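Chain and residue survey
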Amino acid sequence: DVKVTQSSRYLVKRTGEKVFLECVQDMDHENMFWYRQDPGLGLRLIYFSYDVKMKEKGDIPEGYSVSREKKERFSLILESASTNQTSMYLCASGGGGQPQHFGDGTRLSIL
Amino acid sequence: AQSVTQPDIHITVSEGASLELRCNYSYGATPYLFWYVQSPGQGLQLLLKYFSGDTLVQGIKGFEAEFKRSQSSFNLRKPSVHWSDAAEYFCAVGASYNTDKLIFGTGTRLQVFP
């Protein structure tokens, strides 16, 4: 079975902090994704990566950056956290036309 | 532009009743279509997918979905709902030239009464 692991289930940070969310997949997938999930808005794509060190902006990249130094790991970075970034963050991986597989999510609160 | 519409925000059914969750998509070419389920506090789990071929696809947990090109729909069905099916359901469409990037609907929350 595909395993996508997000480093934290719950995280509480303060405004202005630099926040790192980590995601690791074990299926050698080419592509990895970061989504944000908010009630009534569904899942919105923040960034995705189709290869090591390659990235593309999704629909809502403002205030975020990403890093993919190794194929199995994809990090989401909030450069200076703000309260409007309080949300559920979901990581997914996929490739070769296969469906995306999701991690369990990180519920992030910015105080 | 691609889009996915799930017109029902919230649906309530009795255990044992049949279920149909609606999904309409907008895409010019042949879409790749998916249904995912999310239990509270969890990530998304793939229920089923349609890439090509038979328009009636079977998934896990007894779910099925039918692709209707003329109606731009991909509705999810289950003949008899169990209390454990209570969750949020998301329909998604992927572009045929880049299946890995998905557009999600806003979800339908299913509540099941005993």
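Rules used throughout
- Numbering of residues starts from 1 in every chain and runs along the sequence as written.
- For naming, the first written chain is A and the first written ligand is 1, with later ones following in the order written.
- This being a predicted model, a pLDDT of at least 70 is required before a residue's local features are given, and a value of 80 or more before pairs of side-chain atoms are given or counted; all residues contribute to the totals for chains, interfaces and linings.
- Note that water and hydrogens are dropped before the side-chain values are worked out from all heavy atoms of the structure.
- Secondary structure is summarised from DSSP: a helix means a run of H or I of at least four residues, a strand means a run of E of at least two, and numbering begins at the N terminus for each.
- C-alpha atoms define the radius of gyration, and 2.2 Å times the number of residues to the power 0.38 defines the globule rule.
- Residue burial is assigned from relative accessible area. The probe radius is 1.4 Å, only protein chains are included, and a residue is buried under 20% of its type maximum, exposed over 50%, and partly exposed in between.
- Within this scheme the basic residues Lys and Arg register as positive and the acidic residues Asp and Glu register as negative, but His and the chain ends are omitted.
- Charged side chains are reduced to one point each, which is NZ for Lys, CZ for Arg, CG for Asp and CD for Glu.
- Disulfides are defined as pairs of cysteine sulfur atoms found within 2.5 Å of each other.
- Pairing between strands is defined by DSSP: at least two bridges between the two strands are required.
- What is meant by a nonpolar core is a set of buried Ala, Val, Leu, Ile, Met, Phe, Trp, Tyr and Cys residues, joined one to another through side-chain atoms within 4.5 Å.
- Here a residue-residue contact requires only that any non-hydrogen atoms of the pair lie within 4.5 Å.
- We define buried area as the total accessible area lost by two parts upon association, computed with a 1.4 Å probe and summed across both.
- Any pair of nitrogen or oxygen atoms within 3.5 Å is treated as a polar contact; in protein, a donor-acceptor pairing is required on top of that, and neighbouring residues in sequence qualify only through side-chain atoms on both sides.
- Confidence of the predictor at the level of single residues is given by pLDDT, which spans 0 to 100.

1. Quick word on the overall build of chain A
When its secondary structure is counted, chain A shows zero helices and 11 strands. Listing each helix as α and each strand as β along chain A from the N terminus yields β-β-β-β-β-β-β-β-β-β-β. Relative to the 2.2 N^0.38 estimate, which gives 13 Å for 111 residues, the radius of gyration of chain A is 13 Å and therefore close to what a compact globule would have. If one aligns the C-alpha atoms of chain A with their principal axes, the spans along those axes are about 40 × 25 × 25 Å. The buried share among the 111 residues of chain A stands at 50%. Counting 15 positive and 15 negative side-chain charges, chain A places the averaged centre of each group 6 Å from the other.

2. A few points about the state of the cysteines
Enumeration over the complete set of coordinates arrives at two disulfides over all chains. Each sulfur of the disulfide joining Cys23(A) and Cys91(A) lies 1.9 Å from the other. Measuring handedness by torsion sign, the sulfur bridge of Cys23(A) and Cys91(A) sits at about -80° and is left-handed. Here Cys23(A), found in strand β3 (residues 19–25), pairs with Cys91(A), found in strand β9 (residues 87–94); they are 68 residues apart in sequence, far enough to count as distant. Of the two residues examined, Cys23(A) and Cys91(A), each falls in the buried class. The disulfide bridge from Cys23(B) ends at Cys91(B), spanning 2.0 Å between sulfur atoms. A torsion of -65° about the S-S bond marks the disulfide between Cys23(B) and Cys91(B) as left-handed. Here Cys23(B) is found in the loop between β3 (19–21) and β4 (24–26), whereas its partner Cys91(B) is found in strand β10 (residues 87–95), with 68 residues between them in sequence.

3. Quick look at the pairing of strand β6 (residues 44–50) of chain B
All names here are of chain B. Bridge count for strand β5 (residues 32–38) against β6 is six bridges, and the pairing is antiparallel. If you follow Trp 35 over to β6, its bridge partner there is Leu 48. Counting the residues in the hairpin turn of β5 and β6 gives five residues, including Gly 41, whose phi is positive at 75°.

4. Here we look at the nonpolar core
The tendency in soluble globular proteins is for nonpolar side chains to be buried side by side. Residue and element names in this part refer to chain B. Leu 19, Trp 35, Leu 47, Leu 48, Phe 74, Leu 76 and Tyr 89 are the most contacted members of the largest nonpolar core, which totals 27 residues. Looking at which element gives the most residues to this core, the answer is β10, with four residues. Not counting residues within four places of it along the chain, the set of residues in contact with Leu 48 comprises Leu 33, Phe 34, Trp 35, Val 57, Gln 58, Gly 59, Phe 63, Glu 64, Ala 65, Phe 74 and Leu 76.

5. Here we look at the interface of chain B and chain A
Contacts between the two partners involve 18 residues from chain B and, on the opposite side, 22 residues from chain A. When chain B packs against chain A, the two sides together hide about 1600 Å² of surface, and 53% of this comes from carbon and sulfur. For the interface between chain B and chain A, the tally reads three residue pairs in polar contact (both at pLDDT 80 or more). Elements with a contribution of two residues or more to the side of chain B that touches chain A: β5, β6 and β11 (98–104) of chain B. Per-element tally for the side of chain B that touches chain A: the top contributor is β11(B), with five residues.

6. Here's the deal with unusual backbone geometry
Positive phi, normally seen in glycine, also occurs at Lys53(A), with a value near 65°. One can find Lys53(A) in the loop between β5 (42–51) and β6 (54–57). The phi torsion at Lys61(B) lies on the positive side, around 60°, for a residue other than glycine. For Lys61(B), the position within the fold is in the loop between β7 (56–58) and β8 (64–68). A relative accessible area of 48% places Lys61(B) in the partly exposed class.

7. Regarding the confidence of the model for chain B
The predicted model of chain B averages 91 in pLDDT, with 96% of residues at 70 or higher. When the elements of chain B are averaged for pLDDT, β11(B) gives the smallest value, 77, and β3(B) the largest, 98.

8. Quick notes on the side chain of Ser93(A)
All names here are of chain A. Checked against the element boundaries, Ser 93 lands in strand β9. Ser 93 gets classed as buried once you look at its relative accessible area, which sits at 0%. A distance of 2.8 Å separates the side chain of Ser 93 from the side chain of His 29, its partner in a polar contact.

9. A look at the environment of Val12(A)
All names here are of chain A. Along the chain, Val 12 turns up in strand β2 (residues 10–13). Take Val 12: its relative accessible area is 55%, and that puts it in the exposed class. Counting along the chain gives 93 residues from Val 12 to Gly 105, while the straight-line C-alpha distance between them is 14 Å. With residues up to four places along the chain from it excluded, the contact list for Val 12 reads Ser 109 and Leu 111.

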